[in-house]
Amino acid sequence: MTTKEKLSLLRNEMKNNGLDAFVVFNADPHMSEYFTPYWEERKWITGFDSSAGYVFITHDKAVLWTDGRYLVQAKNELTGTEVDFYIEGTKDAPISEQWLLAELPQGAKVGCNALCTPHNTWELLTNVLRRKNISLVDKPLIEKIWKERPKDERQSIYVRPEKYTGESASSKIATLRKIMKEKNITCFLVTALDDVAWVTNLRGNDIVFNPEFLSYLCITPEKAILFAAIDKCDNSVKEYLKKHHIELKDYPDFFKEIISLKGETVLLNPDANQFIFNTIEDKNTLYVEASPIQLLKAVKNETELEGFRKAMIKDGVALTNFFCWLDKNIGKTELTEYSLGKILDKFRSEQEGYLADSFAKIVGYQGNGAIVHHHATEKPGVPLKAEGTILIDSGAHYTEGTTDITRVVPLGKFSDEFKKDYTLAMKAMITLSTTLFPTGTRGVQLDAITRAILWKNMRDYGHGTGHGVGNYLCVHEGPQSLRKDLRDVALLEHMVCSNEPGVYCEGRYGIRIENLFIIQKKGSSEFGDFYGLETLTICPLDTRAIDVALLTQEERQWLNNYNSWVEEKLSPLVGEEQRTWLKERCKAI
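The rules behind the values
- Residues numbered from 1 in each chain as written.
- Predicted model: local features only at pLDDT ≥ 70, side-chain atom pairs only at ≥ 80, totals over all residues.
- Heavy atoms only, no water.
- Pairing = 2+ DSSP bridges.
- Helix = DSSP H or I, 4+ residues; strand = E, 2+ residues; numbered from the N terminus.
- Axes fitted to C-alpha atoms, helices over the stretch in contact; angles between N-to-C directions.
- Contact = heavy atoms within 4.5 Å.
- Salt bridge = Lys/Arg side-chain N within 4 Å of Asp/Glu carboxyl O.
- Buried < 20%, exposed > 50% of the residue type's maximum accessible area, 1.4 Å probe, protein only.
- Parallel < 35°, antiparallel > 145°, perpendicular 65-115°, else oblique.
- Left-handed = near helix turned anticlockwise from the far one by under 90°.
- Nonpolar A, V, L, I, M, F, W, Y, C, P; charged D, E, K, R; others polar.
- Phe/Tyr/Trp six-rings, centres within 6.5 Å; stacked < 30°, edge-to-face > 60°.

S.K.: Explain the sheet that holds strand β14 (residues 285–288) to me, and be specific about the residues and the numbers.
M.R.: Strand order across the open sheet formed by six strands is β12-β11-β10-β8-β13-β14, with mixed pairing between neighbours. Strands with a single pairing partner mark the edges of an open sheet, and in this sheet they are β12 (246–250) and β14. Neighbour-to-neighbour, the strand axes of the sheet open up by a mean angle of 20°, direction not taken into account. Relative to strand β11 (residues 224–228), strand β10 (residues 216–219) runs antiparallel, the two sharing four bridges. The residue of β11 that forms the bridge with I219 is A224. Sheet strands in contact with helix α8 (residues 169–182) are β8 (187–190), β10, β11 and β12, and its direction is about 60° off that of β10.

S.K.: An account of the pattern of salt bridges is needed here, citing residue identities and associated values.
M.R.: Using the criterion set out here, one finds 35 salt bridges in the structure. With a closest N to O distance of 3.5 Å, R11 and E82 form a salt bridge. Of this pair, R11 sits in helix α1 (residues 3–16) while E82 sits in the loop between α3 (71–78) and β4 (84–87); the two residues are 71 residues apart in sequence, bridging distant segments of the chain. Judged by its relative accessible area of 13%, R11 falls in the buried class. Ionic pairing is found between E500 and R512, a salt bridge with its closest N-O pair at 3.8 Å. You can see E500 sitting in the loop between β23 (496–499) and β24 (502–505) and its partner R512 sitting in strand β25 (residues 509–512), a full twelve residues away along the chain. Given a relative accessible area of 8%, E500 falls into the buried group. For R512, a relative accessible area of 1% gives the class buried. In the salt-bridge network here, residues are joined through shared partners; they are D327, D542, R544 and R585.

S.K.: Give me the lowdown on the environment of T333, citing residues and values where you can.
M.R.: Tracing the sequence through the fold places T333 in the loop between α14 (302–329) and α15 (337–349). The spacing of T333 and L384 is 51 residues in sequence and 9.4 Å in space, taken between C-alpha atoms.

S.K.: Account for the packing of helix α16 (residues 416–433) against helix α17 (residues 443–456), naming residues and giving values.
M.R.: Angle between the axes and distance between the axes: these two values describe a pair of packed helices. Here α16 crosses α17 at 150°, and the two axes come no closer than 8 Å. Classed by the angle they form, the pair α16 and α17 counts as roughly antiparallel. In this structure, α16 crosses over α17, and the sense of that crossing is right-handed. Across from L424, A425, K427, A428, T431 and L432 in α16, the residues of α17 making contact are L446, I449, T450, I453 and L454. Of the residues belonging to the contact of α16 with α17, the class tally is eight nonpolar, two polar and one charged.

S.K.: Lay out the pairing of β4 with the relevant residues and their values.
M.R.: Remark: a regular strand shows side chains that alternate across the two faces of the sheet. Alignment of strand β3 (residues 62–66) against β4, held across four bridges, turns out to be parallel. If you follow V63 over to β4, its bridge partner there is D84.

S.K.: I'd like to hear about the packing of aromatic side chains, residue by residue, with values.
M.R.: Per the stated rule, a full pass over the model turns up 24 aromatic pairs. Residues F227 and F254 carry aromatic rings whose centres are separated by 5.4 Å and whose planes lie at 75° to one another, so their mutual orientation is edge-to-face. Here F227, found in strand β11, pairs with F254, found in helix α11 (residues 253–258); they are 27 residues apart in sequence, far enough to count as distant. In this pair, the class of F227 matches that of F254, namely buried. Between F322 and F323 the ring centres are 5.0 Å apart and the planes differ by 65°, which places this aromatic pair in the edge-to-face class. In this structure, F322 and F323 share a single accessibility class: buried.

Just geometry here; none of it tells us what the structure is for.
Pasting the structure below:
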């Protein structure tokens, strides 16, 4: 069925339900980054396959909003369909809710699926639309027209041992109850899957790339109830839950449970799904603020930090073997972006404790590297030649922790333009790696410091400089981030984040250089405490495309010291051929 045919079916349903417009968000009931195919409503109706974007559909228009990471992808996937698009934040892009307001008549009606709509978005849209007495209503119309919708498959749930988490589920729940008592909260509904997994120290495989399981958690001063697939919990999990005084109920029972809530003061995250709010708001007092779990989860304990360090060693060995193999085989072995990604999987899978990829890897050759979230396809494959450059952004979950790394390497001859941009991106990455900052610093401030050298050369990138990283959880984790827009969360000691500036030239090349780091206290002065970065990632930074003349002495020294440290860490763990390769790639410049 084409996008045009799907839109026609939806518009018929809109007409039958008296709707003037319909909104489709890219979300599941838990507001997950990744979710099961069952909830891919936005992708199904538009054909646009990305982690960000939503579409407003009227009876004669369909317009999608996404961010700068997906500009090239949106052009490729939406051109020729009936769906137009805007890149949010650009000068030509109207504010989406203002666009909808202008398109609709007084007293119109807009529908969407409340189960897949975050509460804060529902509130924003409602407040704008009421200027013309336009109502927003819960109408899950996609389920009526998506006849071949995939099933919501469930996998086994299992315990993550305390030797990896560093804290018991009982201890975490006790901390949350203390916070609830301070705020006079009588019921805390935990709706985000990674929050539930972190609190309970349970993991699953319901969600691709994220070791989560479909679930809700209800915490009161007297009890804790986990709503999950009972048939996917074996006796060891049930005994574990009993030990930590967590009651187990079936996943569908969550809404049966909360509909009976009355007279409670309920804590909910602002982006919990609107259907929950619709269910309980009339009989209870709602306390809407960021889940305290987010910050507790973001600040890693020593056990988790050591797990990250061990995972980086394993990933460094796998990547050394991989890049050594690539250098030896490029131009001699038939390769595509897709097949190279599979070869990387093979090298990672050889490491003890490898569990899965931590996100959908990006392998972008030449101009495809400029597509920030490029998806390599098997057919038609993009052949690789011994020329130009390739961007590889990948990561893995190991027993001890999670990795995320981007490297750009030359496969042969490259342009002077690429050399300059690669060096500028490297300078930006080094700038953040060496920055000290005081207590209370926000990510937006470090983002600007990192971009400064690129701005000075009239360059920029359309994504954040960094994101938080979970420990065998979501590779993209909040609440902290380093990006242009203010997220009012201070950067705290022992948060783990990424450092990934870039330069993207459409049709020519993409550059992104990414390491992970731990925020560590570096010292104190009369001006307070100051923090810096402990780099975690252990993989050579390719210097073949560096214009040494553009580096300061301090930048050059940092780069040489980093590669020397990489060689020292990895050489004892790889074969003779790989040691020789490491020596060459890590030599001082």
